[in-house]
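A structural walkthrough
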Amino acid sequence: MASSSLPPAMKEGEHRNWAELPPELTSSILHRLGAIEILENAQKVCKSWYRVCKDPSMWRKIDMLNFKDVDYDLLEKMCRHAVDLSQGGLVEIDIRNFCTDSLLNYIADSSSNLRSIKLAMCYQITNEGLIEAVVKLPLLEDLEISYCSLSGEFLKVVGQSCPNLKTLKKNCVGYRRPRHECDDVALAIAETMSGLRHLQLFGNKLTDAGLNAILDSCPNLEHLDLRQCFNVNLVGDLEKRCSERIKVVRRPNDSIHDYPFDATINDVDSSEDDYPYGFSDVDMVSDDEFYYDFSGASDYDD
């Protein structure tokens, strides 16, 4: 009895033809996949999906995170192809592990409207390469450079080149001992990024002086994440300044349950730009490659 009230397409024994979905609905579904899944599989399902996957609007956001045991050269080739498909309309890109100076500048040269770049554990990127890219991206609003070997001097160039920057995430491994103190990053932020609203410095070695400089120079700050910043003594006047001025403050010893990376504290004499605990060349590089055909679904039928 209940089945009689269902739409015809939902009656028992009948099945939807996914290839006949309206393009806008197909696009909405496929947007939930990462770029690699689209290029490797989705575009090869049928002709109608292939056409949707070639639409530049599908590539305003490129997510290159969901990969397993893929050769870095192949990942870079995929990423360049995805950027090409955007036809200059790319707004947001998220890359983990494999980005290089060359790829980053290819993205910057092809995507002058880019608003957001998120990079994590991209150890091949240099200060010079990232500077060359960001000076081409004056509209950038959101930048993440977590676990990348980059200096405070680089951040000054970012602040000077990207006046619209509102979100910065520069995270690294947290060290409780030895007590290394360094305010280079904090002072670069204070000097050039007065418009910041969201700042995440997980594991940074800034001191109370560096934090005060940020508070003095970033009046619009709404979210501040200082977890595992063990050189900061967030008490007294400094605690009051933060709590009165900033809506959300994550303190050095706050919970890390929602942090997206391995947050194991490393109490050893090491640089903040070393590999984070739990990641290494062995983990991130595989000798296995798989067959990949960018031509996709040209021979596939609905």
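An account of the accompanying structure is given in this report.

Parameters and conventions
- Residues numbered from 1 in each chain as written.
- Predicted model: local features only at pLDDT ≥ 70, side-chain atom pairs only at ≥ 80, totals over all residues.
- Heavy atoms only, no water.
- Pairing = 2+ DSSP bridges.
- Helix = DSSP H or I, 4+ residues; strand = E, 2+ residues; numbered from the N terminus.
- Axes fitted to C-alpha atoms, helices over the stretch in contact; angles between N-to-C directions.
- Buried < 20%, exposed > 50% of the residue type's maximum accessible area, 1.4 Å probe, protein only.
- Right-handed = clockwise from strand over helix to strand, strands pointing away.
- Parallel < 35°, antiparallel > 145°, perpendicular 65-115°, else oblique.
- Contact = heavy atoms within 4.5 Å.
- Nonpolar A, V, L, I, M, F, W, Y, C, P; charged D, E, K, R; others polar.

Section: the sheet that holds strand β5 (residues 167–169)
Hydrogen bonds along the backbone pair up the strands of a sheet, which may run parallel or antiparallel. Spatially, β1-β2-β3-β4-β5-β6-β7-β8 is the arrangement adopted by the eight strands of the open sheet, whose pairing is parallel. In this open sheet, the two edge strands, each paired with only one partner strand, are β1 (61–64) and β8 (248–250). Between one strand axis and the next, the sheet turns by 5 degrees as a mean value, whatever way the strands run. Note that strand β3 (residues 116–120) and strand β4 (residues 142–146) share five bridges and pair parallel. Residue Ala120 lies in a different strand from β4, and its bridge partner there is Ser146.

Some details on the pairing of β4
In terms of burial, β4 is largely enclosed, as five of its five residues are buried. Covered by surrounding structure in β4 are Asp142, Glu144 and Ser146 together with Leu143 and Ile145, the residues of both alternating faces. In this view, the connection linking β3 to its parallel neighbour β4 by way of helix α6 (residues 127–134) has right-handed handedness. In this structure, β4 lies alongside β5, joined through three bridges in parallel fashion. By the bridge assignment for β5, Leu143 is matched with Leu168. Crossover connection from β4 via helix α7 (residues 152–161) to parallel β5: handedness right-handed.

Topic: the pairing of β3
Burial analysis of β3 places four of its five residues in the buried class, the great majority of the element. As judged from the five bridges shared by strand β2 (residues 92–96) and β3, these two strands associate in the parallel manner. Bridge pairing links Asp94 to Lys118 in β3. Assessed by its sense of winding, the connection that carries the chain from β2 through helix α5 (residues 101–110) to β3 is right-handed.

Details of the packing of α5 against α6
Between α5 and α6, the least distance of the axes is 9 Å, while the angle of their chain directions is 5 degrees. Considering the angle they form, α5 stands roughly parallel to α6. Counted together, Asp101, Leu104, Asn105 and Ala108 of α5 and Gly129, Leu130, Glu132 and Ala133 of α6 form the full contact between these two elements. Its residues assigned to classes, the contact of α5 with α6 shows four nonpolar, two polar and two charged.

These values are about where atoms sit, not about what they do.
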